[in-house]
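Listed below are the residues making up each chain.
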Amino acid sequence: MRIAILGATGVFARHLLPRLAADGHELIAIARDPNRATTAQALGIEQRAGDIFDETSLTEALAGAELCLNLATALPGPSGRGSFEANDQLRRDGVPVLLRGLQNAGVTRLLQQSIALIATSGEDLNDGTISPVPQGDGLAAKTLRAALAMETAVQAAPLDWTILRGGLFYGPGTGLDDTWFDQAAAGKLLMAGAGADFLSLVHIADMAEATRRAVSRSNPGQILAISDDEPVRWRDIFGHIATLSGGPAPIQGGPPRFASFRVSNARARDLLDWQPHYPSYRQGLAR
């Protein structure tokens, strides 16, 4: 299959592109600066210039593709680039441009990466498809509204779309667990409140494998939560990290991070014939 990938310069692409290449797909890595698509270069993947805010460049870059994978984000990460505001703009304003580019180029199928955090439900376990409208003007609420606007635009497009809502990424290259371990060793691991809220994690390698399987299985109109098997409270995962690092117990009383979310991966297991290699943080954080 001929697959165009936006976000080919990111950490997630480093895990996904080798899997897709090994499956024999003909890949096109799209980036504003193709020289930054180092994984694509190393794998001999075709690179094209395209800007998610520029319909003309996207239309040209998408030419000939049968499927588009939109992995593009602008979140702050280990590289020091990106910001939550830029990421919100990419989702809110850039994705509609991408959708027009897909139609212009005649690409009829889209796999859209999203976030399971949208499915906030407090203590309740849910299937990851609920979409409550976030309230308030805080950073977390703005981030969720932008992600929801992105998903709404995708669902309204005349495409064969599938949305993969990933849990909180951790693992090689993400910087998240490295930061947690460093903070724990220094006695600075800070929880929001008493750490009672839930989060649903996914190891980045498991997200890549789920996405690989979604490529070969058309599930039009589906929203799938991609997470591990064990949603966890912040106090439990941070306590585990503190013990592994040999540092003191996590500090309570920090400011809120984001709403509690606790999703099930059952639908992804069924429709993608997939299961996480790292079923919980205990396996994923082993080092």
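Calculation notes
Residues numbered from 1 in each chain as written. Predicted model: local features only at pLDDT ≥ 70, side-chain atom pairs only at ≥ 80, totals over all residues. Heavy atoms only, no water. Core = buried A, V, L, I, M, F, W, Y, C linked by side-chain atoms within 4.5 Å. Buried < 20%, exposed > 50% of the residue type's maximum accessible area, 1.4 Å probe, protein only. Helix = DSSP H or I, 4+ residues; strand = E, 2+ residues; numbered from the N terminus. Polar contact = N/O pair within 3.5 Å; in protein donor to acceptor, adjacent residues only side chain to side chain. Contact = heavy atoms within 4.5 Å. Expected span 1.5 Å × (residues − 1).

Novice: Describe the nonpolar core, listing the residues and the values that go with them.
Specialist: Counting residues in each nonpolar core, the largest one holds 31 residues, and the members touching the most others are Ile 5, Phe 12, Leu 69, Ile 226 and Leu 272. Mapped by element, the contributors of at least two residues to this core are strand E1 (2-6), helix H1 (11-22), strand E2 (26-31), strand E4 (67-70), helix H7 (204-216), strand E11 (222-226) and helix H9 (266-272). With six residues, H7 is the largest single contributor of residues to this core. Counting residues in each nonpolar core, the second largest holds 27 residues, with Ala 4, Leu 58, Leu 110 and Trp 161 among its members.

Novice: An account of the side chain of Ser 260 is requested, with residue identities and associated values reported.
Specialist: Inspection of the secondary structure assignment puts Ser 260 in the loop between strand E13 (251-254) and H9. We classify Ser 260 as buried; its relative accessible area is 8%. Engagement of the side chain of Ser 260 in a polar contact is seen with the backbone oxygen of Gly 122, the distance being 3.0 Å. Only 2.8 Å separates the side chain of Ser 260 from the backbone nitrogen of Phe 198, close enough to count as a polar contact. Apart from residues no more than four positions distant in its own chain, Ser 260 is found in contact with Thr 120, Ser 121, Gly 122, Asp 197 and Phe 198.

Novice: Describe helix H5 (residues 139-156), naming the residues involved and giving the relevant values.
Specialist: Between its first and last C-alpha atoms H5 spans 26 Å; for 18 residues at 1.5 Å apiece the expected length is 26 Å, and the two agree. Contacts from the buried residues of H5 go to helix H4 (84-105), strand E5 (109-115), strand E6 (160-166) and E11.

Novice: Quick one: what's the story with the environment of Ile 223, residue by residue and with numbers?
Specialist: Along the chain, Ile 223 turns up in strand E11. Given a relative accessible area of 11%, Ile 223 falls into the buried group. For the pair Ile 223 and Ala 153, spaced 70 residues apart in sequence, the C-alpha to C-alpha distance is 14 Å. Beyond its immediate sequence surroundings of up to four residues, Ile 223 is in contact with Gly 128, Thr 129, Glu 151, Gln 155, Trp 161, Ile 163, Arg 165 and Arg 267.

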